[in-house]
Amino acid sequence: LTGHTARRFVLVPPPSVPEMGRGSNPQMGETSISVVARFRPARPGASVDGDVRFGDDGLSVETAASSHTFDGVLPPHASQEETYAQVSPIVEAVLQGYNGTVLAYGQTGSGKTHSVTGTARDPGILQR
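Model, not experiment: these values are computed from the prediction. (Residues numbered from 1 in each chain as written. Predicted model: local features only at pLDDT ≥ 70, side-chain atom pairs only at ≥ 80, totals over all residues. Heavy atoms only, no water.)

**With respect to the overall build of the protein chain**
Then, number 1: The number of helices and strands found in the protein chain is three helices and seven strands.
Then, number 2: Listing every helix and strand of the protein chain by position from the N terminus yields β-α-β-β-β-β-β-α-β-α.
Then, number 3: Across the 128 residues that make up the protein chain, the buried fraction comes to 36%.
Then, number 4: Considering only contacts within the protein chain whose residues lie at least 6 apart along the sequence, 61% involve residues at least 24 apart.
Then, number 5: Of the accessible surface of the protein chain, which amounts to about 7400 Å², a share of 53% is contributed by carbon and sulfur atoms. (Helix = DSSP H or I, 4+ residues; strand = E, 2+ residues; numbered from the N terminus. Buried < 20%, exposed > 50% of the residue type's maximum accessible area, 1.4 Å probe, protein only. Contact = heavy atoms within 4.5 Å. Areas by Shrake-Rupley, 256 points an atom, 1.4 Å probe, with all protein chains shown as cover.)

**Things to note about the confidence of the model for the protein chain**
Then, number 1: Across the protein chain, pLDDT averages 75, with 71% of residues at or above 70.
Then, number 2: Taken element by element, the predicted model of the protein chain shows its lowest mean pLDDT in helix α1 (residues 18-21) (48) and its highest in strand β5 (residues 67-69) (90).
Then, number 3: In this model, residues 20-31 is a region of pLDDT below 50 whose contacts with residues beyond four sequence positions or in other chains number 24 contacts. (pLDDT = per-residue confidence, 0-100.)

**Comments concerning the side chain of T63**
Then, number 1: Counting through the fold element by element, T63 comes out in the loop between β4 (60-62) and β5.
Then, number 2: Of note is the side chain of T63, whose polar atom sits 3.2 Å from the backbone nitrogen of A65. (Polar contact = N/O pair within 3.5 Å; in protein donor to acceptor, adjacent residues only side chain to side chain.)

**Examining the environment of G55**
Then, number 1: One can find G55 in the loop between β3 (53-54) and β4.
Then, number 2: Residue G55 is classed as partly exposed on the basis of its relative accessible area, which comes to 26%.
Then, number 3: Along the chain, G55 and P75 lie 20 residues apart, while their C-alpha atoms are 9.4 Å from each other.

**What about helix α2 (residues 80-95)?**
Then, number 1: By the largest-angle criterion, V87 marks the main kink of α2, which is about 55°, and a proline, P89, follows within four residues.
Then, number 2: Considered for burial, the residues of α2 that qualify are Q80, T83, Y84, V87, S88, P89, I90 and A93.
Then, number 3: Of the residues trailing α2, G97 is marked for its positive phi of about 100°. (Bend = angle between axes of the 7 residues up to and from the residue.)

**Points about the sheet that holds β3**
Then, number 1: Spatially, β3-β4-β5 is the arrangement adopted by the three strands of the open sheet, whose pairing is antiparallel. Unpaired on one side and paired on the other, β3 and β5 mark the two borders of the sheet.
Then, number 2: As judged from the two bridges shared by β3 and β4, these two strands associate in the antiparallel manner. If you follow R53 over to β4, its bridge partner there is E62. (Pairing = 2+ DSSP bridges.)

Structure below.
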């Protein structure tokens with residue numbers, strides 16, 4: 001997916017957060033790990049290999065060469081608020097004393113720090 005860099009959030013909820021534990025993908029069944037992919041906009045002048053299409057289901061990404069399905073997909077226009085909505089059940093459970101993990105993973109420059117910390121005007125996961 002050249003040009004559209006993905007950063008992945010691996011969400012490991014505590015057992016008491018059923019809405020996260022199932023994952024939103026019915027094919028996944030009962031799971032304890034969910035993977036959400038957030039894509040940053042293509043950089044100006046960057047070449048994009050083929051047309052990247054984001055499924056209306058909020059779970060899939062397709063190019064001419066491949067198709068990928070996740071527990072959640074946040075396209076380039078997704079807001080910080082939408083990103084937080086994906087991880088908020090884990091954050092709320094942690095605030096109640098349960099263990100949980102949100103892992104931001106991706107290549108350098110993909111926007112992991114922006115997603116997690118944000119800015120004063122557009123706060124990230126930690127500031128919410």
